[in-house]
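Secondary and tertiary structure notes
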Amino acid sequence: MPGFELFGNAERESVNDVLDNGVLMRYGFDGMRKGHWKAKELETELQNSFGVNHVQLVSSGTAAVSVALASAGVGAGDEVIMPTFTFVASFEAIMMLGAIPVLVDIDSTLTLDPKAVEDAITPKTKAVMVVQMCGSMGHMDALKSICTKNDLVFVEDACQAIGGSYKGKSLGSIADVGCFSFDFVKTITCGEGGAVITNNKEYYLNADHYSDHGHDHVGSDRGAETHPLLGYNFRLSELHAAVGLAQVKRLPEFLEIQKKNFDIMREKLSEIPEIKFRTVPEGGVESCAFLNFFLPDLEIARKVSKAFTENGVDACFHYYDNNWHYIRKWNHLKELKSLFPISKEVKEGLSYLQGKEFPQSDSYIARNISCLIKLSWTEEEVRNRADVMRDIIINALEQK
Ligand SMILES: *Cc1c(COP(=O)(O)O)cnc(C)c1O
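Keep in mind that this is a model prediction, so the values were computed, not measured.

On to the packing of aromatic side chains. Tallying each qualifying case throughout the model produces 10 aromatic pairs. Relative to Tyr319, the ring of Phe317 lies with its centre 5.6 Å away and its plane at 20 degrees, an arrangement referred to as stacked. Ring pairs connect the aromatic residues Phe50, Phe180 and Phe182, which therefore count as one cluster. Over the face of the ring belonging to Trp37 we find Arg33, whose NZ or CZ atom lies 4.0 Å from the ring centre.

Here we come to the packing of helix α8 (residues 238-249) against helix α9 (residues 251-269). Contact geometry of α8 with α9 gives a least axis separation of 4 Å together with a crossing angle of 55 degrees. Taken together, α8 and α9 sit at an angle that is classed as oblique. Note on element contacts: α9 touches α8 through Leu251, Pro252 and Phe254, opposite Gln247, Val248 and Lys249. Here the residues of the contact of α8 with α9 sort into four nonpolar, one polar and one charged.

With that settled, consider the site of the ligand. Surrounding the ligand, one finds 13 residues, the nearest of these being Gly61, Thr62, Ser181, Asp183 and Lys186. Within the backbone of Gly61, one N or O atom sits 2.7 Å away from an oxygen atom of the ligand. One of the side-chain N or O atoms of Thr62 is found 2.5 Å from an oxygen atom in the ligand. Protein contacts shield 93% of the accessible area of the ligand, which totals 380 Å² for the unbound molecule.

Along its sequence, the chain is organised into domain 1 (3-251) and domain 2 (252-399). Put simply, the middle of domain 1 and the middle of domain 2, counted by C-alpha atoms, are 24 Å apart. Taken together, the 48 residues of domain 1 in the interface contact 46 residues of domain 2. Here domain 1 packs against domain 2, burying approximately 3900 Å² in sum over the two surfaces, 63% of which is carbon and sulfur. Across the domain 1-domain 2 interface, the total number found is one salt bridge. Of the charged contacts in the structure, one is a salt bridge between Glu253 and Arg250, with a shortest N-O distance of 3.4 Å. Looking at the side of domain 1 that touches domain 2, the elements with two or more residues in it are α4 (89-95), β3 (100-104), β6 (165-166) and α8.

Of note in this structure, His213 is not a glycine but carries a positive phi near 55 degrees. Among the structural elements, His213 can be located in the loop between α7 (201-210) and α8. Here His217, not a glycine, exhibits a phi torsion of approximately 55 degrees, which is positive.

Let's shift gears to the pattern of salt bridges. Taken as a whole and judged by the stated rule, the model has 27 salt bridges. Here Lys344 makes a salt bridge to Glu348, at a shortest N to O gap of 3.6 Å. Pair noted here: Lys344 and Glu348 are both in helix α12 (residues 344-350), with a separation of four residues, about one helical turn. Exposure remark for Lys344: the relative accessible area of 64% places this residue in the exposed category.

Counting 101 residues, the largest nonpolar core has Leu46, Leu69, Phe85 and Phe182 as its most contacted members. The greatest single-element share of this core, amounting to six residues, is contributed by helix α3 (residues 61-71). The residue makeup of this core includes at least three contributed by each of domain 1 (3-251) and domain 2 (252-399). Apart from the residues lying within four places of it in its own chain, the contact partners of Leu69 are Val74, Val80, Ala93, Ile94, Leu97, Ala127 and Val155. Core analysis: the second largest hydrophobic core is formed by 29 residues, Ile272, Cys316, Cys371 and Ile373 among them.

Definitions and limits used
Residues numbered from 1 in each chain as written. Predicted model: local features only at pLDDT ≥ 70, side-chain atom pairs only at ≥ 80, totals over all residues. Heavy atoms only, no water. Phe/Tyr/Trp six-rings, centres within 6.5 Å; stacked < 30°, edge-to-face > 60°. Lys NZ or Arg CZ within 6 Å of the ring centre and 35° of its normal. Axes fitted to C-alpha atoms, helices over the stretch in contact; angles between N-to-C directions. Helix = DSSP H or I, 4+ residues; strand = E, 2+ residues; numbered from the N terminus. Parallel < 35°, antiparallel > 145°, perpendicular 65-115°, else oblique. Contact = heavy atoms within 4.5 Å. Nonpolar A, V, L, I, M, F, W, Y, C, P; charged D, E, K, R; others polar. Near = heavy atom within 4 Å. Polar contact = N/O pair within 3.5 Å; in protein donor to acceptor, adjacent residues only side chain to side chain. Areas by Shrake-Rupley, 256 points an atom, 1.4 Å probe, with all protein chains shown as cover. Domains from an automatic or database assignment. Buried area = accessible area lost by both parts, 1.4 Å probe. Salt bridge = Lys/Arg side-chain N within 4 Å of Asp/Glu carboxyl O. Buried < 20%, exposed > 50% of the residue type's maximum accessible area, 1.4 Å probe, protein only. Core = buried A, V, L, I, M, F, W, Y, C linked by side-chain atoms within 4.5 Å.

Set out below in structure tokens:
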């Protein structure tokens, strides 16, 4: 997945353009910038690459989720349905707005089970957020129709699935509003950064204003602009945008390498009949940022994960035992360990997590192994790695 592996001259030259004129901010200073508008250019490039009408760059993927939700009017006391398997950023971004994350089960797509979503809807539900985990996607048609039927905002966190698609549309562009991250380990990186993408002009304008203190960005005198609404600062700097601009132009190259490495590994592991790959909905194309598969049970998955680490097969994750990506270890959320007082609404809204079990999610995550696909491997390295992985898995299965 990581774009940082192929970081080079294009990125350096783009950053130097910014350093040459010294305008490190994306707005204003028109006369000094010698025509360089890296953030604006990156937004246009992203619009074209992902086939959406509007893109708003922000300072991180987490900020993108908060800004996306805020732009759609989600706030205090609103419930947002999200999966049990995701990065902690998902509930952080929801809670920052005073909204309540409602965690529901995943299915074999590794994200929201549409049935679990339907069961979780209450009069307070305002939005459903699908998280396109590990390079693939949820049942988008089913989730979309649930949102339409119940008049809910459909949000798509595609931070881990840049370059994947569903029925010809880029992941991130399918729901009402989508989010990307360009942090240092994502498919393309700015160092830190993120984007809100949407075809909804109102949401876009809200995101544009909200992410910059409410500035309306009308005219060319920043100090004279008006503030139609309250905002915050989630701006991306020109330096970060410069890196991202060079990276996004290389996305097709990154995706091609990812797919090549993914295919070699998938084909090798397919030789093992006990392995089941994650479900990719019909019409879906994975970004190939990760290869995900299910082993028969938790014990074998733990054994395989341990043997991978001991035999130098790095960057494979058994998320069941992971602190950051699965509900099981999110004790700071369950116990509401906040630096500052949390509203009564959110406290009460999260009390359902006390003692709550998610056996359906457990049954998938316990058996799942998720292997990052790197760009810097040579073909020989991928083939060797795949052989080692296959042998380890066969060995673990035989020991049973
Ligand atoms: C990385 C990530 C984020 C957060 O992005 P940052 O840029 O690191 O804030 C949010 N959601 C998912 C699924 C991610 O993988």
